[in-house]
Amino acid sequence: MSEANPKILGFLCNWCCYAAADAAGVSRYQYPPNIRTIRVMCTGRIDPAFILRGFSEGAAGIFAGG
Amino acid sequence: MGKAQNACAGSKSSEENRAGSVMVVGGGVAGIQTAMDLTDLGFYVYLVEKGPAIGGAMAQLDKTFPTNDCSL
Amino acid sequence: MDITRPIHIDYAQAVPATYYIDPDACLFLKHETCQICVPVCQSKAIDFSQKAEEKIYNVGAVIVSPGFGKISEEVLKQYGYGQHPDVVTSIEFERMTNASGPFQGELKCFNDGRHPKNLAFIQCVGSRDIGCDNGYCSGVCCMYAIKEAIVAKEHDPECEITIFYMDIRTQGKDFDQAKIKAENMGIKFVRAKVADVMNWGKQIKLTYSTMDGTHSFEPFDMVVLAVGLESPKDAKTIADIAGFELNQYDFCRTEEFDPLQTSKEGVFVVGAFQGPKDIPESVTQSSAAASLVSSLMKSKRGEGVILKEYPTEIPVGDDDEVRIGVFVCHCGINISSVVDVASVAKEAGKLGNVVYATESLYSCSQDAQEVLKERIKEHRLNRIVMTACSPRTHEPLFQETLKDAGLNRSLFEMVNIRDHCSWVHAQEPEAATAKSIDLVRMGVAKSRHNKPLLEQTVPVTKTALVLGGGLAGMTTALSIADQGYPVHLIERGATLGGNLANIKTTLRGESPAKLLKTLTAQIKKQKLVSVYLNSELETVSGFVGNFTSVIASGKTKKKKEVTIDHGVIVLATGGKEHRTKKFKLGTVKKVITQLELEAKLAGTGKNRAPDSVVMIQCAGSRGADLGYCSKVCCNQAVKNALKIKEINPESQVIVLYRDIRTYGFAEDQYKEAREKGVIFVPYKFAKKPKVLSGKTDVVEYFDPILQEQVTINPKLIVLSVGIVPEGTETLSKLLKAPVTADEFFLEAHVKLRPVELAVEGVYVCGLAHGPKPIDETIVQAQAAAAKASMPLVKGSAKVAPTVSVIDKETCIGCGICVSMCPYNAIKMLKIDKKRKAETVPASCKGCGICASRCPTFAIDMGGFTQDQVMAQIKAFGNIEEVV
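Keep in mind the model is a prediction, meaning the values are calculated, not measured.

This part takes up the overall build of chain A. For chain A, the count of helices and strands is 2 helices and 3 strands. If you list the helices and strands of chain A from N to C, you get β-α-β-α-β. Across its three principal directions, the C-alpha atoms of chain A cover 35 × 30 × 10 Å. Relative to its full complement of 66 residues, chain A shows a buried share of 50%. Contacts spanning at least 24 positions in sequence make up 81% of the contacts within chain A whose residues lie at least 6 apart. Summing over all exposed atoms, chain A offers an accessible surface of approximately 3100 Å²; the carbon and sulfur share of this is 64%. The average position of the 6 basic charges and that of the 4 acidic charges among the side chains of chain A differ by 7 Å.

Let us now look at the nonpolar core. Within the largest apolar cluster, 78 residues are counted, with the highest numbers of intra-cluster contacts made by Val 22 and Leu 38 of chain B together with Ile 63, Val 293, Ile 480, Leu 515 and Val 570 of chain C. Counting residues per element, this core draws most heavily on helix H20 (residues 774-794) of chain C, which supplies 12 residues. If sequence neighbours within four positions are ignored, Val 570 of chain C has contacts with Leu 465, Val 466, Leu 467, Thr 476, Ile 480, Tyr 763, Cys 765, Ala 784 and Ala 788 of chain C. Of all hydrophobic cores here, the second largest spans 55 residues; its members include Val 316, Phe 327, Ile 376 and Ile 417 of chain C.

On to the side chain of Glu 148 of chain C, then. Tracing the backbone shows Glu 148 of chain C in helix H5 (residues 141-155). Among buried charged residues, Glu 148 of chain C stands out as having no salt bridge; its nearest opposite-charge side chain is Lys 147 of chain C, 5.2 Å away.

Quick look at the domain arrangement of chain C now. Taken domain by domain, chain C comprises domain 1 (73-227), domain 2 (324-455), domain 3 (464-571 + 736-797), domain 4 (579-721) and domain 5 (804-861). Between the C-alpha centres of domain 2 of chain C and domain 3 of chain C the distance comes to 47 Å.

Residues and elements named next belong to chain C. Two elements in contact, helix H10 (residues 366-378) and helix H11 (residues 391-404), have axes separated by 9 Å at closest approach and are oriented at 45°. In terms of axis orientation, H10 runs oblique to H11. Here H10 and H11 pass one another in a crossing that is right-handed. Taken together, the residues of H11 that come into contact with H10 (itself represented by Gln 369, Leu 372, Lys 373 and Ile 376) are Leu 397, Phe 398, Thr 401, Leu 402 and Asp 404.

What follows concerns the sheet that holds strand S1 (residues 21-25) of chain B. Spatial ordering of the open sheet is given by S2(B)-S1(B)-S3(C)-S11(C), a layout of 4 strands whose pairing is parallel. Strands with a single pairing partner mark the edges of an open sheet, and in this sheet they are strand S2 (44-48) of chain B together with strand S11 (267-269) of chain C. Within the sheet, the average angular offset between the axes of one strand and its neighbour, ignoring direction, is 20°. Two elements, S1 of chain B and S2 of chain B, share 5 bridges in a ladder whose sense is parallel. Counted as the bridge partner of Met 23 of chain B is Tyr 46 of chain B from S2 of chain B.

Before going further, it helps to spend a moment on the pattern of salt bridges. All names here are of chain C. Scanning all chains against the criterion turns up 53 salt bridges over all chains. With its nearest N and O atoms 2.9 Å apart, the salt bridge here joins Arg 114 to Asp 112. On the basis of relative accessible area, Asp 112 is assigned to the partly exposed category, the value being 34%. Here the salt bridges share partners, and the residues they tie into one network are Arg 128, Asp 167, Arg 169, Asp 176, Arg 191, Arg 622, Asp 659, Arg 661 and Glu 667.

Now for the interface of chain A and chain C. Each side of the interface is counted separately: chain A has 39 residues, and chain C has 41 residues. In terms of surface lost to chain C, no three residues of chain A exceed Arg 36, Arg 39 and Arg 45 of chain A, which account for 20% of the buried area on that side. Inspection of the chain A/chain C interface yields 4 salt bridges. Across the pair Arg 45 of chain A and Asp 860 of chain C runs a salt bridge whose closest N-O atoms are separated by 3.4 Å. Taken together, chain A and chain C are joined by 16 residue pairs in polar contact (both at pLDDT 80 or more). Mapped onto the side of chain A that touches chain C, the elements with two or more residues apiece are strand S1 (8-13), helix H1 (17-26), strand S2 (35-40) and helix H2 (48-56) of chain A. Sorting elements by how many residues they give to the side of chain A that touches chain C places H1 of chain A first, with 7 residues. Grouping the constituent residues of the side of chain A that touches chain C by class yields 24 nonpolar, 6 polar and 9 charged.

What counts, and where the lines are drawn
- Residues numbered from 1 in each chain as written.
- Chains lettered and ligands numbered in written order.
- Predicted model: local features only at pLDDT ≥ 70, side-chain atom pairs only at ≥ 80, totals over all residues.
- Heavy atoms only, no water.
- Helix = DSSP H or I, 4+ residues; strand = E, 2+ residues; numbered from the N terminus.
- Buried < 20%, exposed > 50% of the residue type's maximum accessible area, 1.4 Å probe, protein only.
- Contact = heavy atoms within 4.5 Å.
- Areas by Shrake-Rupley, 256 points an atom, 1.4 Å probe, with all protein chains shown as cover.
- Lys, Arg positive; Asp, Glu negative; His and termini not counted.
- Charge placed at Lys NZ, Arg CZ, Asp CG, Glu CD.
- Core = buried A, V, L, I, M, F, W, Y, C linked by side-chain atoms within 4.5 Å.
- Salt bridge = Lys/Arg side-chain N within 4 Å of Asp/Glu carboxyl O.
- Domains from an automatic or database assignment.
- Axes fitted to C-alpha atoms, helices over the stretch in contact; angles between N-to-C directions.
- Parallel < 35°, antiparallel > 145°, perpendicular 65-115°, else oblique.
- Left-handed = near helix turned anticlockwise from the far one by under 90°.
- Pairing = 2+ DSSP bridges.
- Buried area = accessible area lost by both parts, 1.4 Å probe.
- Polar contact = N/O pair within 3.5 Å; in protein donor to acceptor, adjacent residues only side chain to side chain.
- Nonpolar A, V, L, I, M, F, W, Y, C, P; charged D, E, K, R; others polar.

Written out as structure tokens, the structure is:
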């Protein structure tokens, strides 16, 4: 991926951020398509190892939404 | 409402005769909630609605107080 | 407001979501022509030869819930409806602010499409109006008008909004907060009756007169009529068929102390047909009716129910080959108009372990479930990746299909390429397709590690604990016992009855003493109810189905403690009169409360109804001391005023009020009080009446008609002091159950779960939930009994498999997880003298905080394991690890 199109990895809490992402869809809000997301039941689930691994897999940024 | 009429008459020659069944007439929010609660309490429910879909007046509301949630 | 085709779905989320033909609009059904629809329907679903059938069902009970009717157009005409396009009803206005409404949620005038700059609401259209035979108050219009005004203001903050009203009746729980919010947003409230509505060019001119006698004219761009709730159109037909009586307004007639029982045995009424009411009260009545039926028919419980049977689960072991099936959904055009579904399915098919990949038009449709089941069989699939919409809404549906196909539901994975992709990247189809392919790869990677998880069930102790022996507690206890379950009823005081013992008569003239006597006798007779007097809850532990409580009885010195196991808890701890320090209550002898007046009037004292009485409403409530409306005081004042007039017709009774809130049919008594000469004088919060002491004790207030301060020296000054909850603070800490800012218990959902608390297995009713009159308390107590009986009927509680699992081998017993867990769901055990942690599955909410904090990686989360999430992250980096 080019610098202008950084790959972002997102961890979304099922109860809030994932729900908000659903709501964004229902309301047809448009946002850039360069995020890939993983659903978790709570951001408390995010092990520091997940974040390190994400960067090593080439993520330009990690987003934790909860 | 024709169905309810016969049910209340308690006709013996019934096509359906399910023990412990209850009839709820009207499929608005009150009717739906009653039907759901009755099944949770272990009864078979016939939910009768005049119109083509359940939901009643609440389905016409845009938002409800206080959270302004969508009412559907 | 818009054109509807003869064949349509009422609204996008209708259940069932099938098109139907409107018989009033169809050319064939009306004129026997057309029939174009028959050959064009591809699935041949239109059959005009179907006729209405009559079927006979034998049932044990009937519940009528036909809702409410519309206010007639004739009444609306008086307000210019039909004469100007921008005079609309509140129901129409509700549609206009909705995104699926005629202007896609934009607020526009029908006249010329301009945005309205000012807007008027006219209250009490078709309510409190003898002219149209609707003398009652509909009870909901003030609240919804405020809601609509707030929504309109949010659409366009520049829009000026005025609400013309007689009394603002926002007596519901926390409703006054909405009124205050509306005022702060700049919405104007004008106490005036609108006399005339006139076309004024593009605008509408309103003529109205205020209390001080001035007449005013004002033009508005749009006028919203806050229409009331009429009895349903077919009320008489339903009543005739079912054989019960109606009241004078064609609503269903019921008794105050048995509010849902119609005059016909076995037939119950719920919702607006019982009397105009809002959503939470309708929902509460629904549960209450379920409770009544459940008691009536308890011997038949479970007999007619068809239990769904599932095939035996196909075992999926660690060594079995992973065979993944990927289904990519078009969602009609919701996904396929943006994402190239065919290429997503093609790419998915190339992934390791994927043995089958396909597309589907609507994956959630009934026939698609059958296809899914067949494909599972045909290709021996043991993992399913559904690439469609949100698991939050659709996962349960597909998991059910998996169970039907004999697969464990945890072998299912969902990838959201609609809400998170096609809908939000509508302008970038290529990037959206690429994202979908990435997300599917990640989903497939996770699903390789999906394992069947056991759905655990825990047995339930089929006993209830009821706290509080007042009207609410007694009613709940009896109702649960009548349904066949043992109840422990705990009362702090020395006798049962609570506040009911203090109320002498009701507005409708019923005797609460009689009710109390009946209830007490019933409880004595009901062997399933054990009563504990002078007792309080000391401690409580456990979770839904398995609570253990310690009850302490007697005085501190001779305190006895008993331990009770029970499955559910109902909180009916009640409330009490609020003793205000304002208005010289307690210092001046002639200042008393409504409850004290009530006791006096019920007595035989000579001067119990003196020649002059001043009542001050909201002496405690609505911002005086308490932030909320106590709901019952207006009725109580009207009741006591009428009683005074009955004993001493010459007495001058003045009621100083802010808004008279005699909602529902109580409006009749308010009218009667005015006719009998009771004087009602409104005051503003900023200009409260005062009790002044000099040589004599006088009341000073501002008279809005005379427009001056008035001083009066009555024989009696009666305060409506309001209601406060009792002991909710301690209980809320014991049970971890939230309370509102006013310390009433906070329900799980104010509209749809009005008697349940956020803590599972704990329910609330009566004054502990909020101030309310006797009939509403009875209904709420019955509703709480229905909800509380549900886990008892089931006999077991299901626990979601997405909980934490602790490996005892790797656990070093450090206890970090125990201290981190927000739900007290991990406990420490001693195994072979070593400390080990263990999850309590029924309490675990699956957040995973323990797993991410465990220093030895001994904890994993069902459905979100280390392996699963890591595989997803690796797949994000395009690493594929086939298993």
